[in-house]
Amino acid sequence: MLDAESGRLIVNPSDVATSQFQLRKRARIAQTESEAKYRSIPAVSGSGTRITVQINVESETTLERLDPESCDGIGLTRTEFLFHDGLPDEEVQYRFYRRLIEWASGKPVVIRTLDAGGDKPIAGLTLLGEQNPFLGVRGIRLSFSNPEVFRVQVRALSRAAALGPLQIMLPMVTIPDELKTAREMLREEVDSLVSRGIAAAMPPVGIMVEVPAVAISIARFDAAFYSIGTNDLIQYVTASSRDSVALAPLYDATSPAVLELIARVAAHGRSVGREVSVCGDMASDPKLVRYLLEAGITSLSVTPAALGSVKHAVSAHGR
Ligand code: PEP
Ligand code: MG
C-alpha cells in the first residue's frame, strides 16, 4: 500500500491498516470533489477580497487539458526544462513562449529566466564541485556568467513580448545592480531586433524575492513586480536545506521570521502600487494559504492540481 500523503510504502498491510486507508481515501475523494467546484470560479476570500490565482508552468505538458478560464494567467514559468537536452536555440524558445501567450488568451504570462544551479543542475552549464551550490552560481548569477546563453533567452522573450502580455522574472536576485544589468541587456537586444526589422517589445521586468537580503531591503529594488519564492526564502531564512528530510521541522513556512518578511514585501508592494505574488510551494498548500492572506498577500501562483483546494481555502478565510 502506497500512502502518497505521508510518503510511506506499507508492505503486507494489516486488515485494520487497509480499512483505515480506504476510509481516508474516500474522505479525500469527497474533499477533492467538493473543492473541484471552486476550480473554475474566481477566488474571493470570505471577507470579499478578490485574490488572484495564477498557475506555475513547468513545461508544455502542464497546459494539456488545462482550461485557461480556471486561473488568472501564468504566475511562474520555470524555463529550466527547455535546457535539459542541451542549449535550446532562439526559435525553440520563442515557439514555447508564444505557445504560453496563445494559451493564456490575453491573461498575464510571467516567464522566469533560466534558474539553473542549486537543486537544478544543468550539465554543461552549472559549475561542478561547488561546496555549497545553493549559495553558489545559480539563477541570474549563472546567466550573467554565461551572457551568450542569457542573451538568446532574452531575445526570444522580447520577440514573444510583441505578441501579448508577457512579463520577465529574474531568479535569485541579490542586489539592485542585477536588475539594472538585466534590463540593460534586454534593452540592447530589443533595440538590435527592432533595428533589423524584427518585431520585439520591452516587457516589464520583475524579480523573485527569495534571498533574505532582498526581502529585508525590498524598497531598494525598483522592479515592475515581485514574486516571493518561498521554497528558497524559507531555506535561506531558517538555514535549513529545502531538500533535507531531517531538517523539515526547522524548514517552517509559518516561522515568524518568514511571515514577517512576506508581510514586509506585501506592504512595500501596496505602498508603491506593484503586484506582490507568492509562487513558492507555500501558495499551493491550502493549509498555509491563510498565513499568506493574513500577511497581506492578494496574489498566488500555484501548481495547477491545487487550483481547487487553494481557491476553496481562500473562500473559507475570513468567513
Ligand atoms: C521558490 O524558490 O520558491 C521558487 C518558486 O523557485 P524554485 O522552486 O524554482 O527555486
Ligand atoms: Mg527559487
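See the structure above.
Since the model is a prediction, treat every value here as computed from it, not as a measurement.

Engineer: Help me understand the pairing of strand β8 (residues 205–209) in this model?
Structural biologist: Strand residues, when the strand is regular, have side chains that alternate between the two faces of the sheet. β8 sits mainly inside the fold: 5 of its 5 residues count as buried. Bridge count between strand β7 (residues 166–170) and β8: 3 bridges; the pairing is parallel. Opposite Met169, over in β8, you have Gly206 as the bridge partner. With helix α5 (residues 176–195) bridging β7 and its parallel neighbour β8, the resulting β-α-β unit is right-handed. In the sheet, β8 pairs with strand β9 (residues 226–228) via 3 bridges, with the strands oriented parallel. Following the sheet pairing, Met208 is matched in β9 by Ser227.

Engineer: I keep staring at the pairing of β7 and nothing clicks. Help me out?
Structural biologist: Across the 5 residues of β7, 4 count as buried, placing the element largely inside the fold. Strand direction decides the pairing type here: strand β6 (residues 109–112) and β7, joined by 4 bridges, are parallel. In the sheet register, Arg112 faces β7, and the bridge partner there is Met169.

Engineer: Before we go on, may I ask you to explain the packing of helix α1 (residues 15–39) against helix α10 (residues 307–316) in this structure?
Structural biologist: Geometry of a packed helix pair, given as the angle between the helix axes and the separation of the axes. The contact between α1 and α10 brings their axes to 7 Å, and the two run at 80°. As judged from the angle between their axes, α1 and α10 are roughly perpendicular. Mapping the contact onto sequence places Glu35, Tyr38 and Arg39 in α1 and Leu307, Gly308, Ser309, Lys311, His312 and Ser315 in α10. Taken together, the residues that form the contact of α1 with α10 break down as 2 nonpolar, 4 polar and 3 charged.

Engineer: Looking at this structure, how should I read the site of ligand 1?
Structural biologist: Looking at ligand 1, there are 15 residues lining it, with Arg78, Arg112, Lys120, Asn231 and Arg242 nearest. Within the contact set of ligand 1, an oxygen atom lies 2.7 Å away from a backbone nitrogen or oxygen of Asn231. For ligand 1, the protein covers 99% of the area, taking 290 Å² as the surface of the free molecule. The element best represented in the shell around ligand 1 is helix α7 (residues 230–238), accounting for 3 residues.

Engineer: For this particular structure, what's the right way to read a nonpolar patch on the surface?
Structural biologist: Taken together, the side chains of Leu2, Leu9 and Val11 present a nonpolar region at the surface, about 360 Å² in accessible area. Tracing the sequence through the fold places Val11 in the loop between β2 (8–9) and α1.

Engineer: I would appreciate a short explanation of the side chain of Lys311 in the present structure.
Structural biologist: In this fold, Lys311 is placed in helix α10. One buried charged residue, Lys311, remains without a salt bridge, the closest side chain of opposite sign being Asp72 at 6.0 Å. Reaching out from Lys311, the side chain makes a polar contact with the backbone oxygen of Ile41 at a distance of 2.9 Å. When residues no more than four places from it in sequence are discounted, the contact partners of Lys311 are Tyr38, Arg39, Ser40, Ile41, Ala43, Val53, Ser70 and Cys71.

Engineer: I would appreciate a short explanation of the environment of Gly7 in the present structure.
Structural biologist: Mapped onto the elements, Gly7 comes out in the loop between β1 (2–3) and β2. Looking at Gly7, the relative accessible area reads 64%, which means it is exposed. C-alpha separation for the pair Gly7 and Val278, spaced 271 residues apart in sequence, amounts to 26 Å.

Engineer: Honestly, unusual backbone geometry in this entry has me stumped. Any pointers?
Structural biologist: Leave glycine aside and you will find that most residues have negative phi; peptide bonds, for their part, are mostly trans. The phi angle at Met172 is positive, at roughly 60°, despite the residue not being glycine. With respect to the helices and strands, Met172 occurs in the loop between β7 and α5. By relative accessible area, Met172 is classed as buried at 1%.

Engineer: It is not clear to me how the coordination of the magnesium ion (ligand 2) should be interpreted in this structure. Could you clarify?
Structural biologist: Each donor-metal-donor angle would ideally measure 109.5 degrees in four-coordinate tetrahedral geometry, or 90 or 180 degrees in six-coordinate octahedral geometry. Bound to the magnesium ion (ligand 2) on the protein side are Glu210 (OE) and Asp232 (OD), at distances that span 2.0 to 2.1 Å. Pair noted here: Glu210 is in the loop between β8 and α6 (212–216) and Asp232 is in helix α7, with a separation of 22 residues, a long-range link. Here Glu210 matches Asp232 in class, with each residue buried.

Engineer: Explain the packing of aromatic side chains to me, please; I cannot follow it from the model alone.
Structural biologist: Enumeration according to the criterion identifies 3 aromatic pairs in this entry. Here Phe96 and Tyr97 contribute two aromatic rings whose centre-to-centre distance is 5.9 Å and whose plane-to-plane angle is 55°, an arrangement assigned as tilted. The residues Phe96 and Tyr97 share a single accessibility class, namely buried. An aromatic cluster of at least three residues, connected via ring pairs, comprises Phe81, Phe96 and Tyr97. In this structure, Arg159 packs its charged tip against the face of Tyr94, placed 4.1 Å from the ring centre.

Engineer: Would you mind going over helix α4 (residues 147–161) with me for this structure?
Structural biologist: In an α-helix, one turn spans 3.6 residues; hence positions three or four apart end up facing the same way. In this model α4 runs 20 Å from its N-terminal to its C-terminal C-alpha over 15 residues, within 8% of the 21 Å that 1.5 Å per residue would give. With 12 of its 15 residues buried, α4 lies for the most part within the structure. Along α4, the residues classified as buried are Val149, Phe150, Val152, Gln153, Val154, Arg155, Ala156, Leu157, Ser158, Arg159, Ala160 and Ala161. For α4, the secondary structure elements touched by its buried residues are α2 (90–104), β6, α3 (140–145), β7 and α5.

Rules of the game
- Residues numbered from 1 in each chain as written.
- Chains lettered and ligands numbered in written order.
- Predicted model: local features only at pLDDT ≥ 70, side-chain atom pairs only at ≥ 80, totals over all residues.
- Heavy atoms only, no water.
- Buried < 20%, exposed > 50% of the residue type's maximum accessible area, 1.4 Å probe, protein only.
- Helix = DSSP H or I, 4+ residues; strand = E, 2+ residues; numbered from the N terminus.
- Pairing = 2+ DSSP bridges.
- Right-handed = clockwise from strand over helix to strand, strands pointing away.
- Axes fitted to C-alpha atoms, helices over the stretch in contact; angles between N-to-C directions.
- Parallel < 35°, antiparallel > 145°, perpendicular 65-115°, else oblique.
- Contact = heavy atoms within 4.5 Å.
- Nonpolar A, V, L, I, M, F, W, Y, C, P; charged D, E, K, R; others polar.
- Near = heavy atom within 4 Å.
- Polar contact = N/O pair within 3.5 Å; in protein donor to acceptor, adjacent residues only side chain to side chain.
- Areas by Shrake-Rupley, 256 points an atom, 1.4 Å probe, with all protein chains shown as cover.
- Patch = residues over 30% accessible without salt bridge, like charges linked within 9 Å, V, L, I, M, F, W, Y side chains within 5 Å.
- Salt bridge = Lys/Arg side-chain N within 4 Å of Asp/Glu carboxyl O.
- Lys, Arg positive; Asp, Glu negative; His and termini not counted.
- Donors = N, O, S within 2.8 Å, 3.2 Å for Na, K, Ca; no water.
- Phe/Tyr/Trp six-rings, centres within 6.5 Å; stacked < 30°, edge-to-face > 60°.
- Lys NZ or Arg CZ within 6 Å of the ring centre and 35° of its normal.
- Expected span 1.5 Å × (residues − 1).

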